[in-house]
Amino acid sequence: MKFRFDITKKMPASRANVIANYLDLEHLDMHSGLGDCEVLSETERCACFTLVSRVGPFRVRNLHYYEFRPPDTIVNAVRSPIGPMIVTSTVREIGSGTPDVTCEVDVSTEIDLPRALYAFRRPLERLLRRTNRVILDEDNAIFERRRRLLGNAVNDYLRKDQYLLFKDAFRASLETVEMPHSRRREQLAAILKREGFIA
């Protein structure tokens, strides 16, 4: 039986930093409730990995199917003991181009609960929200440290020796977003002309 809830998270970082944080699996060991991540496969914008999560008193290894939808959305389909879960996170940047840029992340969680667990959906939601708050607090501490040291730069994520899921797609999303609107329009017109859609 399907059950859904939404969370809006506030993060003291640029959209690029928030997305990079989602794609940086190496930092997961910095979280008190996450660890032991193993990437099983990765394509240009999708990956499959296992991850141990602590939710309340339970430690479970979940299978994650992770997709980056540039420039601002992560879809995480999780095979978990409480049922299949789809978590969609969409990042909105506030104060773009200023040193005080922040983001709001709209997180929509949908769980297909077994009938026996459906009666416990509200306590499960509270447990998942509490777990999310702990991870958010830890991520925000990371963002604050990064901002003090690096400002809003993300170049360190793009270094050759840095492992980041979908690094090429992430780099391309930065170039697309940072390109002036008129330049993107010119490029699109050139492609359409080359392909014969316009004269």
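You'll find the structure just up there.
Predicted, not measured: the structure shown is a model, and the values here were computed from it. (Residues numbered from 1 in each chain as written. Predicted model: local features only at pLDDT ≥ 70, side-chain atom pairs only at ≥ 80, totals over all residues. Heavy atoms only, no water.)

1. A closer look at the pattern of salt bridges
- Considering all chains together, one arrives at 14 salt bridges under this definition.
- Of the charged contacts in the structure, one is a salt bridge between Asp-168 and Arg-171, with a shortest N-O distance of 3.2 Å. One end of the pair, Asp-168, and the other, Arg-171, are both in helix α4 (residues 167-178), three residues apart, so they sit about a helical turn from each other.
- Residue class for Arg-171 comes out partly exposed when judged on its relative accessible area of 27%.
- Salt bridges linked by common partners bring Lys-10, Arg-92, Glu-104 and Asp-106 together as one network. (Salt bridge = Lys/Arg side-chain N within 4 Å of Asp/Glu carboxyl O. Helix = DSSP H or I, 4+ residues; strand = E, 2+ residues; numbered from the N terminus. Buried < 20%, exposed > 50% of the residue type's maximum accessible area, 1.4 Å probe, protein only.)

2. Observations concerning the pairing of strand β7 (residues 102-112)
- As paired elements, strand β1 (residues 2-11) and β7 share ten bridges and run antiparallel to each other. What sits directly across from Phe-5, in β7, is Thr-109.
- Judged from the ten bridges that link them, strand β6 (residues 83-94) and β7 form a sheet pairing that is antiparallel. Across the sheet, Thr-88 pairs through a bridge with Ser-108, a residue of β7. (Pairing = 2+ DSSP bridges.)

3. What about the nonpolar core?
- If you look at the biggest cluster of nonpolar residues, it comprises 45 residues, and the most contacted ones within it are Val-18, Leu-23, Tyr-66, Phe-68, Leu-165, Phe-166 and Phe-170.
- For this core, the element with the most residues is helix α1 (residues 15-23), which contributes six residues.
- Excluding anything up to four places from it in sequence, Phe-166 contacts Leu-23, Glu-42, Thr-43, Glu-44, Arg-45, Cys-46, Ala-47, Tyr-66 and Phe-68. (Core = buried A, V, L, I, M, F, W, Y, C linked by side-chain atoms within 4.5 Å. Contact = heavy atoms within 4.5 Å.)

4. Here we look at the environment of Glu-67
- Summarising the element assignment, Glu-67 is placed in strand β4 (residues 58-69).
- When its relative accessible area of 21% is taken as the criterion, Glu-67 is described as partly exposed.
- Put simply, Glu-67 and Leu-23 are 44 residues apart on the chain and 9.7 Å apart in space, counted from C-alpha to C-alpha.
- If we skip the residues at most four places from it in the chain, Glu-67 touches Arg-45, Cys-46, Thr-73, Ile-74 and Val-75.
- Engagement of the side chain of Glu-67 in a polar contact is seen with the side chain of Arg-69, the distance being 3.3 Å. (Polar contact = N/O pair within 3.5 Å; in protein donor to acceptor, adjacent residues only side chain to side chain.)

5. Remarks on helix α3 (residues 121-150)
- Across its 30 residues, α3 extends 41 Å between first and last C-alpha, which sits within 8% of the 44 Å expected from 1.5 Å per residue.
- Positive phi shows up at Gly-151, right after α3, with a value of about 70 degrees. (Expected span 1.5 Å × (residues − 1).)

6. Here's the deal with α1
- Counting buried positions along α1 gives nine out of nine residues, so the element sits mostly inside the fold.
- Listed as buried for α1 are Arg-15, Ala-16, Asn-17, Val-18, Ile-19, Ala-20, Asn-21, Tyr-22 and Leu-23.

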